[in-house]
Amino acid sequence: ATQDRVRRALMHEPRGHAGMYGAVVVRGGAAAAGADLAVLFLHGAGYSAMCGHAVMALGRFALDYGLVAAPVCPETAVRLRCPCGLVTAFVPWDGHRSGNPVRFHSVPAFAAATDVTIDVPGHGKVVIDIGYGGTFYAFLNAEQLGLDVHSSKTRDLVSAASVVTEVVKKQFKLHHPESEDLAFLYGTILTDGKDAFSEEPTTNICVFADEQVDRSPTGSGVTARIALQYHKGLIQLNQTRTFRSSTTGSLFTGKAVKATRFGDYNAVIVEVSGEAYYTGTATFTVEEEDSLKHGFFFK
């Protein structure tokens, strides 16, 4: 509410870019109630309630930078207070440094709505599902929009997904069992339609915020998609599925590990596993007399 210039300075050019994503680590009182640390997620258009890939990265970061007292071999639990709730990452630890793969257990995930028909301008009537995995997403097979997540141009996929998001926002009121602040549609995930259990990877692309595209298979999206598949009886507990990003080809695995209740919803705890790697460290400078010190944005 009061420090948004920090987000803009870090996420926007020249320090960031249109697809930039970030996290602010919070320690001390804000990470109370059983967590090792808390985190705020940032992106080009604002803030988000959950990011699975960031959780994986933060799990490694927390161990390597001494933010967790007395890590243990061969794996250490890192408890993160995210805006959506408490998420636990399980990070390989060899006594000196963290490793991969990192897995995490989600907040309760659930199917918010299934088989909802909406009218998408330029595409006609399509059928969508809405799932929650720390944040809400609309899901549909890209074929309904005359597209293919493997071969269509990313620009076309982004445009179509963004229209779907806007239509769903207008036509469907979301409900979150604990906080109405979290009852908003974060984006749309287009899939290859392979929702039934299979050993083969299923591919998707996530378009969130202001037409921002995820480079990973989307940890919170995988969580929500697993919850939908479980709700529809397409997978069982502890059946592992592999999810591929259509943008980079990177892979996550996901499985529902426990059935639970979350408010009025039948929900599941989902385990997502993937890899996170260091790319470097940086020191950013903001000079007061710089007229563009808080960043600028090209689209």
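Residues numbered from 1 in each chain as written. Predicted model: local features only at pLDDT ≥ 70, side-chain atom pairs only at ≥ 80, totals over all residues. Heavy atoms only, no water.

Here we come to helix H3 (residues 154–171). Note that an α-helix has 3.6 residues per turn; residues three or four places apart therefore point the same way. Counted at 1.5 Å a residue, the expected span for H3 with its 18 residues is 26 Å, and the 26 Å between its end C-alpha atoms agrees. Turning to H3, its buried residues are Leu157, Val158, Ala160, Ala161, Ser162, Val164, Thr165, Val167 and Val168. On its buried face, H3 is in contact with strand E7 (109–120), strand E8 (124–132), strand E9 (136–141), strand E10 (185–191), strand E11 (202–208) and strand E12 (212–213). (Helix = DSSP H or I, 4+ residues; strand = E, 2+ residues; numbered from the N terminus. Expected span 1.5 Å × (residues − 1). Buried < 20%, exposed > 50% of the residue type's maximum accessible area, 1.4 Å probe, protein only. Contact = heavy atoms within 4.5 Å.)

The next subject is the domain arrangement of the protein chain. Entries for the protein chain in the domain assignment read domain 1 (3–106) and domain 2 (108–273). Each of domain 1 and domain 2 has a C-alpha centre, and the two are 22 Å apart. Each side of the interface is counted separately: domain 1 has 22 residues, and domain 2 has 23 residues. Both sides of the domain 1 and domain 2 interface together cover about 1,600 Å² of buried area, and 57% of this is carbon and sulfur. For the domain 1 face of the interface with domain 2, the top three residues by lost area are Met50, Phe104 and Ser106, together amounting to 28%. Summed over the shared surface of domain 1 and domain 2, the result is one salt bridge. (Domains from an automatic or database assignment. Buried area = accessible area lost by both parts, 1.4 Å probe. Salt bridge = Lys/Arg side-chain N within 4 Å of Asp/Glu carboxyl O.)

Moving on, we come to the pairing of E7. Examined bridge by bridge, E7 and strand E15 (residues 265–274) share two bridges and lie antiparallel to one another. Counted as the bridge partner of Phe110 is Ala267 from E15. Bridge count for E7 against E8 is eight bridges, and the pairing is antiparallel. Directly across from Asp119, in E8, lies its bridge partner Lys125. (Pairing = 2+ DSSP bridges.)

Now for the layout of surface pockets. Volume-wise, the largest pocket comes out at about 1,600 Å³. The wall of the largest pocket is formed by 45 residues, among which Tyr21, Gly22, Ala23, Ala57 and Thr279 lie closest to the centre. Contributions of two or more residues to the lining of the largest pocket are made by helix H1 (4–11), strand E1 (21–26), helix H2 (52–64), E12, helix H4 (219–231) and strand E14 (251–262). Taken together, the residues of the lining of the largest pocket sort by class into 26 nonpolar, 15 polar and four charged. When residues of the lining of the largest pocket are assigned to domains, at least three fall in each of domain 1 (3–106) and domain 2 (108–273). (1 Å grid on protein atoms, 1.4 Å probe; cavity = no way out; pocket = protein on both sides within 12 Å on 5 of 7 lines; lining within 4 Å. Points joined across faces, edges and corners; volume = space filled by probe spheres on them. Nonpolar A, V, L, I, M, F, W, Y, C, P; charged D, E, K, R; others polar.)

Now for the pattern of salt bridges. Considering all chains together, one arrives at 12 salt bridges under this definition. A salt bridge links Asp4 to Arg8; the nearest nitrogen and oxygen atoms lie 3.4 Å apart. Here Asp4 and its partner Arg8 are both found in helix H1, four residues apart, which amounts to about one turn of the helix. Judged by relative accessible area, which is 25%, Asp4 ranks as partly exposed. Two residues, Asp115 and Lys232, come together in a salt bridge whose shortest N-O distance is 3.7 Å. Taken as a pair, Asp115 in strand E7 and Lys232 in the loop between H4 and strand E13 (241–245) lie far apart in primary sequence, 117 residues in all. Ionic contacts of the salt-bridge type, sharing partners, join the residues Asp4, Arg7 and Arg8 into one network.

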